[in-house]
Amino acid sequence: MQNRFIDSITQLPKPLASALIPLLNDDFCGHIDASQLAQLVTASQIDEEQLLLSLLPIAAALAKPSISEFYVGAIAKGESGDIYMGANFELASEALFHTVHAEQSAISHAWLNGEQKIIDIVVNFTPCGHCRQFINELVDGIGIKIHLPGQQSQLLSHYLPYAFGPADLQVTKPLLSKSNIEFSLNSDDPMIIEAIDQAGLSYAPYTNNYAAVVLETKDGKTYCGRYAENAAFNPSMMPLQMALSNLIRHNREYSDINRVVLIESSKGKISLVNASMDTLQAVCAIELEHIVVDPS
């Protein structure tokens, strides 16, 4: 079991903890598939909603809140039945806009794994306005059920009445909708190829700046992030922040990073390069490789 779960596992009911421990190996990053979830329900003899609430200390253990020291864990359940944990992270001594919220981390975790619809969000503290707006960007976002400890489950519409979302800006394919933008760039570099593929899956209906980041660690593993825009603009999730959140969920350190590539569209109304360089300089002394590509 990973060291970061030693304290949180003691907060779980014993039957659940015993069934969960074999999953918390070195490769565990917060993803539990539908069959594993069913096995946990059977072993713990508690219903699924209560089980997901019970798992929140495990999700919160993924957090890296360098400034607030406030640990928030979230779990997104996809339409597939799989669950995806996420947690907040902050960059020490840096501006607060670098922060990734737990709900963003969990949702991006699901998105990077191919989920096209989230049906439940479980979180240990009431979602802030930033997160409510981010959730509302998703497919059927207003109908996603929010679960909180000690409270009755409510739809997002309860927490975000009179919501403003993609439809108000004539966007008909919200975040998590299946899409693929084709780019033309010849390269035999696997990392660049991966970044181009991820940029094609990104979500940028307001600026057309389809973009992605791929981080490579010293052992050759890669961790990606895609740009996820928001109708309210500010809750948009930068691809580098998503990639760093991905890295942290996999229990890696910033010092493990060996190479970073940012791909973005030549047709975008904005560029993410300056903001991405600022973020990267805050975590490691690696030069950002920036490649602008043309849509096919």
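Structure shown above.
Residues numbered from 1 in each chain as written. Predicted model: local features only at pLDDT ≥ 70, side-chain atom pairs only at ≥ 80, totals over all residues. Heavy atoms only, no water.

Student: Hey, could you go over the overall build of the protein for me, with residue numbers and the actual values?
Tutor: Helix and strand counts for the protein stand at 11 helices and 13 strands. In terms of C-alpha radius of gyration, the protein reaches 19 Å, essentially the compact-globule figure of 19 Å for 296 residues. Considered along the principal axes of its C-alpha atoms, the protein spans approximately 55 × 45 × 35 Å. Of all 296 residues assigned to the protein, the portion counted as buried reaches 55%. Summarising the internal contacts of the protein: among those between residues at least 6 apart in sequence, 66% fall at separations of at least 24. Looking at the protein as shown, the accessible area adds up to about 13000 Å², and 49% of this sits on carbon and sulfur atoms. Side-chain charges in the protein split into 17 positive and 33 negative, and the spacing between the mean points of these groups amounts to 3 Å. (Helix = DSSP H or I, 4+ residues; strand = E, 2+ residues; numbered from the N terminus. Rg over C-alpha atoms; globule rule 2.2 N^0.38 Å. Buried < 20%, exposed > 50% of the residue type's maximum accessible area, 1.4 Å probe, protein only. Contact = heavy atoms within 4.5 Å. Areas by Shrake-Rupley, 256 points an atom, 1.4 Å probe, with all protein chains shown as cover. Lys, Arg positive; Asp, Glu negative; His and termini not counted. Charge placed at Lys NZ, Arg CZ, Asp CG, Glu CD.)

Student: I'd love a proper account of the pattern of salt bridges, names of residues and values included.
Tutor: Across all of its chains, the model carries seven salt bridges by this definition. One salt bridge connects Lys64 with Glu253, and the closest N-O pair in it is separated by 3.9 Å. Taken together, the positions of Lys64 in strand β2 (residues 64-65) and Glu253 in the loop between α10 (239-249) and β12 (257-265) put the pair 189 residues apart, joining distant regions of the chain. Among the residues examined, Lys64 registers a relative accessible area of 27% and is labelled partly exposed. When its relative accessible area of 41% is taken as the criterion, Glu253 is described as partly exposed. (Salt bridge = Lys/Arg side-chain N within 4 Å of Asp/Glu carboxyl O.)

Student: A description of the pairing of strand β10 (residues 211-217) should follow, citing residues and the corresponding values.
Tutor: For β10, the tally of buried residues reaches six of seven residues, placing the bulk of the element in the interior. Bridging between β10 and β12 involves seven bridges; their strand directions are antiparallel. Looking across to β12, one finds that Ala212 is bridged to Ile263. Taken together, β10 and the strand that follows it, strand β11 (residues 222-226), pair antiparallel across an intervening segment of four residues, in which Gly220 is found at a positive phi of about 90°. (Pairing = 2+ DSSP bridges.)

Student: Mind laying out the side chain of Arg4, listing which residues take part and the relevant values?
Tutor: With respect to the helices and strands, the residue Arg4 is situated in the segment before α1 (6-9). For the buried residue Arg4, which engages in no salt bridge, the nearest side chain bearing the opposite charge is Glu253, 8.1 Å off. One polar contact links Arg4 to Gln2, side chain to side chain, over a distance of 2.7 Å. From its side chain, Arg4 meets the backbone oxygen of Ile248 in a polar contact 3.0 Å long. (Polar contact = N/O pair within 3.5 Å; in protein donor to acceptor, adjacent residues only side chain to side chain.)

Student: So what about the sheet that holds strand β7 (residues 145-147)? Which residues, and what values?
Tutor: Reading across the sheet, the six strands line up as β1-β4-β3-β6-β7-β8 and stay open at both edges, with mixed pairing between neighbours. Two strands lie at the open edges of the sheet, namely β1 (31-32) and β8 (154-155), each paired on one side alone. Contacts between helix α6 (residues 102-112) and the sheet are confined to β1, β3 (73-78), β4 (83-87) and β6 (118-123), with β4 contributing the most and set at about 145° to the helix. (Axes fitted to C-alpha atoms, helices over the stretch in contact; angles between N-to-C directions.)

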